Amino acid sequence: MGGTRPGAGFESPAAMRRRWLAGIFAISLLWAVLVAVFSSDPVHQLWGEMAAVGYGLALLCVVALRHGRTADLAVGLSFAGALLAPLAWMAAKGLEQPEVAVVANSGYTLIHQGTPYADAAVLAGAQDPNQYNPYLPVMALFGLPRALLGHGMLTDPRIWFGVVFLGIFWLALRRGGALDPGRWTILVAASPVIAFELAVGGTDVPMVAFLCLGFAYLWRRQPVLAGFALGIGAAMKATAWPALLVAIALLAVRDGKQAVGRFTLTAVGVVVACVGPFVLGHPKALVENTIMFPLGLASVTSQASSPLPGHIISATWPHAGHTVVVVLLALSGLAVAVSLVARPPRTVSRAVALLAGAMTLMFALAPSTRFGYFIYPATLAIWLLAIRAGNEVRQRQEEEPPTPDLDEPPPSSRTIPPTMPAPRPVA
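Along each chain, the written sequence defines residue order, and numbers are assigned to residues from 1. Side-chain atom pairs in this predicted model are given and counted only at pLDDT of 80 or more, local residue features only at pLDDT of at least 70, and totals for whole chains, interfaces and linings cover all residues. Side-chain metrics in this entry use all non-hydrogen atoms of the structure; hydrogen atoms and water are not considered.

Draft legend 1. Broad picture of the overall build of the protein. Along the protein, the regular secondary structure elements total 18 helices and zero strands. Working definition: with a 1.4 Å probe on protein chains only, accessible area under 20% of the residue-type maximum means buried, over 50% means exposed, and in between means partly exposed. Residue burial in the protein is summarised as follows: out of 427 residues, 47% are buried. Contact between two residues is taken to exist if any of their heavy atoms lie within 4.5 Å; hydrogens are not considered. A separation of at least 24 residues holds for 72% of the contacts in the protein among residues at least 6 apart in sequence. Using a 1.4 Å probe, accessible areas were evaluated by the Shrake-Rupley method; residue-level cover was limited to the displayed protein chains. Surface exposure of the protein reaches about 20500 Å², of which carbon and sulfur atoms provide 67%. Only DSSP runs of H or I reaching four residues or more are called helices, and only runs of E reaching two or more are called strands; each is numbered from the N terminus.

Structure, rendered in structure tokens:
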């Protein structure tokens, strides 16, 4: 635990310096305690109490043990205590945020009614915001296990959110060039950024993994695969749409029109294939659920709330404030679009940073928002850190000459041809 050179360690959680690993678990422990103490939601409180035990044991392990496997043990304790145990318990007991039931119900209506959305006529008199489904059709796939097999721990949509995240995020790390993607995946999944969101709700967790995978393929200059990954995300939730624009801007200045065409055709093709049938068959229901409701223009408003500027303005001045927030959102989107044209990102790193900043601004100004939405910029930043560290290590290894085995004696001068210079001594 701890590298041999200054700044080493971020290429793998197992190589991370002890003080950094201890800091990660200390912050995670504080996060869990604050959730347990200050949240008014009993599901959140339960996660905070259970996660605090896991993070506390992980921190104690890092501080007290001196062993080559200490990092693995600590990460395992945090993963079990902050994610596996709370998720299994809540799934078994049916403790969940409303969006879990919304996704499960969308799977049921998809099978029995041919659409994951309630009809606009039904919603006209709705008083319960959970009758609305703000997600795009691919999200309904996570509700199919419960719709087909009934209630149970293994049919809970959160279980499948987690399975997809682990697989896709691991692939995103691997394709991006991160070293030790397995350990990185477990550490990130165990962090409050993912564990809290996944244990109580989780709809954003699989989508952010597809965003990372899309930019990993952009890193590898594979626009078709990038378009496929980002297209799936865009057909899951509208939050992914800004990523498509950022990716197009990056490809336009870095790889040219042909790459832009392949990416765009693939991404749009995936979205059309997944969303198109419902646009043709139930256009009004789709608009009412996925556009009007998230913007606060439906008959009832979303329950999502956090003390962020957009929500505060909307709540303080219900009519004029809401209009102001919508205008601010439109202006911020326009500003990002102008930035993409005037100064497009030329590297994946800058593209991801731009996307993370745009999402942060969007979530801060949204009239109905939660702190959990910041999972997007946070996860993108962690993914970028891991792949940059891995690629920097590989670059150094390619630039540095191989180091002789220090256990072997230096070669004898009698074995070196006279015309060859004597090797430099190893420092």
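Still more to cover.
Draft legend 2. Spotlight on the nonpolar core. Among the buried residues, those of types Ala, Val, Leu, Ile, Met, Phe, Trp, Tyr and Cys that are joined through side-chain atoms within 4.5 Å form a nonpolar core. Judged by nonpolar contacts, the single largest core of 104 residues is most densely connected at Phe 25, Trp 47, Phe 165, Leu 211, Phe 215 and Trp 383. For this core, the leading source of residues is helix α10 (residues 204-219), giving 12 residues. Apart from the residues within four sequence positions on either side, Leu 211 is in contact with Leu 230, Ala 240, Ala 243, Met 359, Tyr 376 and Leu 380. One finds Tyr 132, Phe 293, Ala 298 and Val 300 within the second-largest nonpolar core, a separate group that totals six residues.

Draft legend 3. The pattern of salt bridges, seen in detail. For this document, the term salt bridge refers to a Lys or Arg side-chain nitrogen within 4 Å of an Asp or Glu carboxyl oxygen. Under the counting rule described, the total for this entry stands at 11 salt bridges. A salt bridge links Asp 204 to Lys 237; the nearest nitrogen and oxygen atoms lie 2.4 Å apart. Of this pair, Asp 204 sits in helix α10 while Lys 237 sits in the loop between α11 (223-234) and α12 (241-254), and the two are 33 residues apart along the sequence. With respect to burial, Asp 204 and Lys 237 carry one shared label: buried. As a salt-bridge pair, Arg 221 and Asp 255 come within 2.4 Å of each other at their nearest N and O atoms. Of this pair, Arg 221 sits in the loop between α10 and α11 while Asp 255 is found in the loop between α12 and α13 (257-281), placing the two residues 34 residues apart along the sequence. A relative accessible area of 51% means that Arg 221 is categorised as exposed. Ionic contacts of the salt-bridge type, sharing partners, join the residues Arg 69, Asp 72, Asp 180 and Arg 183 into one network.

Draft legend 4. Representation of helix α14 (residues 283-292). All of the buried residues in α14 are Ala 285, Leu 286, Glu 288, Asn 289 and Thr 290. Seen end-on, α14 carries its buried residues on one side only, within an arc spanning 170°. Along its buried surface, α14 packs onto α5 (120-123) and α13. For this quantity, the arc is that covered by the directions from the helix axis to the C-beta atoms.

Draft legend 5. How the structure looks around the environment of Leu 87. Summarising the element assignment, Leu 87 is placed in helix α3 (residues 70-93). Classification of Leu 87 by relative accessible area gives buried; the value is 8%. Sequence separation between Leu 87 and Ala 195 is 108 residues, and the spatial gap between their C-alpha atoms is 8.5 Å. Excluding residues that lie within four positions of it along the chain, Leu 87 makes contacts with Arg 158, Ile 159, Leu 198 and Ala 199.

Draft legend 6. Region of the structure containing the packing of aromatic side chains. Put simply, two rings from Phe, Tyr or Trp (the six-membered ring, in Trp's case) pair if the centres are within 6.5 Å, and we call them stacked under 30 degrees between planes, edge-to-face over 60, tilted for the rest. Applying the stated criterion across every chain, the model contains five aromatic pairs. Aromatic side chains Tyr 132 and Phe 293 sit 4.6 Å apart centroid to centroid with 5° between the ring planes, which places their arrangement in the stacked category. You can see Tyr 132 sitting in the loop between α5 and α6 (144-149) and its partner Phe 293 sitting in the loop between α14 and α15 (309-316), a full 161 residues away along the chain. As far as the burial class goes, Tyr 132 and Phe 293 line up, both buried. Here a set of aromatic residues connected by ring pairs shows up, and it is made of Trp 47, Tyr 55 and Phe 196. The side chain of Lys 93 reaches across the aromatic face of Trp 89, ending 5.0 Å from its centre. Only when the NZ of Lys or the CZ of Arg is both within 6 Å of the ring centre and within 35 degrees of the ring normal is a charge said to sit over the ring.

Draft legend 7. Structural view of unusual backbone geometry. With a phi angle near 55°, Asp 180 is a residue other than glycine that sits in the positive phi range. Note on placement: Asp 180 falls in the loop between α7 (157-176) and α8 (181-190). Classification of Asp 180 as partly exposed rests on a relative accessible area of 24%. Positioned with a positive phi, Arg 221 is a non-glycine residue whose angle comes to about 55°.

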